[in-house]
Protein chains: 2
Amino acid sequence: MIARVYVGLKPGVLDPQGRTIASSLNDLGFEEVQDATQGKVIELKLANGERDLVKARVKEMCEKLLANTVIESYRIELDETEE
Amino acid sequence: MIARVYVGLKPGVLDPQGRTIASSLNDLGFEEVQDATQGKVIELKLANGERDLVKARVKEMCEKLLANTVIESYRIELDETEE
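Just so we're clear, the structure is a prediction, and the values are computed from it rather than from any experiment.

The next point concerns the overall build of chain A. When helices and strands are tallied, chain A shows two helices and three strands. Of the regular secondary structure in chain A, the N- to C-terminal order runs β-α-β-α-β. The C-alpha radius of gyration of chain A comes to 16 Å, more than 25% above the 12 Å expected for a compact globule of 83 residues. In terms of principal-axis extent, the alpha carbons of chain A reach across some 50 × 30 × 15 Å. Out of the 83 residues belonging to chain A, those deemed buried represent 39%. Long-range pairs, those at least 24 residues apart, make up 69% of the contacts in chain A between residues at least 6 apart in sequence. Accessible surface for chain A amounts to roughly 4,700 Å². Of this, 51% is attributable to carbon and sulfur atoms. Positive and negative side-chain charges in chain A, numbering 11 and 16 respectively, have mean positions lying 7 Å apart.

The subject of this paragraph is the interface of chain B and chain A. The partner chain A presents 30 residues to the 30 residues of chain B that form the contact. Taking both partners together, chain B and chain A bury about 2,700 Å²; carbon and sulfur atoms supply 63% of that area. Per-residue buried area on chain B facing chain A is highest for Phe30, Glu32 and Lys45 of chain B; these three make up 19% of the total on that side. On the surface where chain B and chain A come into contact, there are two salt bridges. Joining chain B to chain A, the criterion identifies 14 residue pairs in polar contact (both at pLDDT 80 or more). Broken down by secondary-structure element, the contributors of at least two residues to the side of chain B that touches chain A are helix 1 (16–27), strand 2 (33–46) and helix 2 (51–66) of chain B. The element best represented in the side of chain B that touches chain A is strand 2 of chain B, accounting for 14 residues. Split by residue class, the side of chain B that touches chain A holds 15 nonpolar, six polar and nine charged.

Cut-offs and rules
- Residues numbered from 1 in each chain as written.
- Chains lettered and ligands numbered in written order.
- Predicted model: local features only at pLDDT ≥ 70, side-chain atom pairs only at ≥ 80, totals over all residues.
- Heavy atoms only, no water.
- Helix = DSSP H or I, 4+ residues; strand = E, 2+ residues; numbered from the N terminus.
- Rg over C-alpha atoms; globule rule 2.2 N^0.38 Å.
- Buried < 20%, exposed > 50% of the residue type's maximum accessible area, 1.4 Å probe, protein only.
- Contact = heavy atoms within 4.5 Å.
- Areas by Shrake-Rupley, 256 points an atom, 1.4 Å probe, with all protein chains shown as cover.
- Lys, Arg positive; Asp, Glu negative; His and termini not counted.
- Charge placed at Lys NZ, Arg CZ, Asp CG, Glu CD.
- Buried area = accessible area lost by both parts, 1.4 Å probe.
- Salt bridge = Lys/Arg side-chain N within 4 Å of Asp/Glu carboxyl O.
- Polar contact = N/O pair within 3.5 Å; in protein donor to acceptor, adjacent residues only side chain to side chain.
- Nonpolar A, V, L, I, M, F, W, Y, C, P; charged D, E, K, R; others polar.

Structural data, given as structure tokens:
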């Protein structure tokens, strides 16, 4: 079973990385870029299990390690089709 | 218009970050984690434009800045509903 965790900064938190990406793209001539944000996508290969239990465990993984919940929010996707 | 670019390592490329995540999760008692990979998700706020043109431009942005195409692959999603 594959779990995908999308981690991004909470609204209002300064995103210097995103700012740098946007200004670099503007400098390269991509004037249409108004803003940019950068987040993480962590893909976890997990032993199979009951969907709700697996999701609860992945939530625990986020709270303990994968996301800094003070400044980051996360979203979990489970993909049972992929091994 | 919002474009989301998912950037990840190509298969076969060593992913020390992913390895570290997986072993840390195992150390925290999450034995069900068999492997992990970490990628980037870059969200770009763009001036509106014709869909195919916008996609071609974002592809160019990936090739020039957002992805190191020697070791990384990328996937582009366009979201016209979001401003």
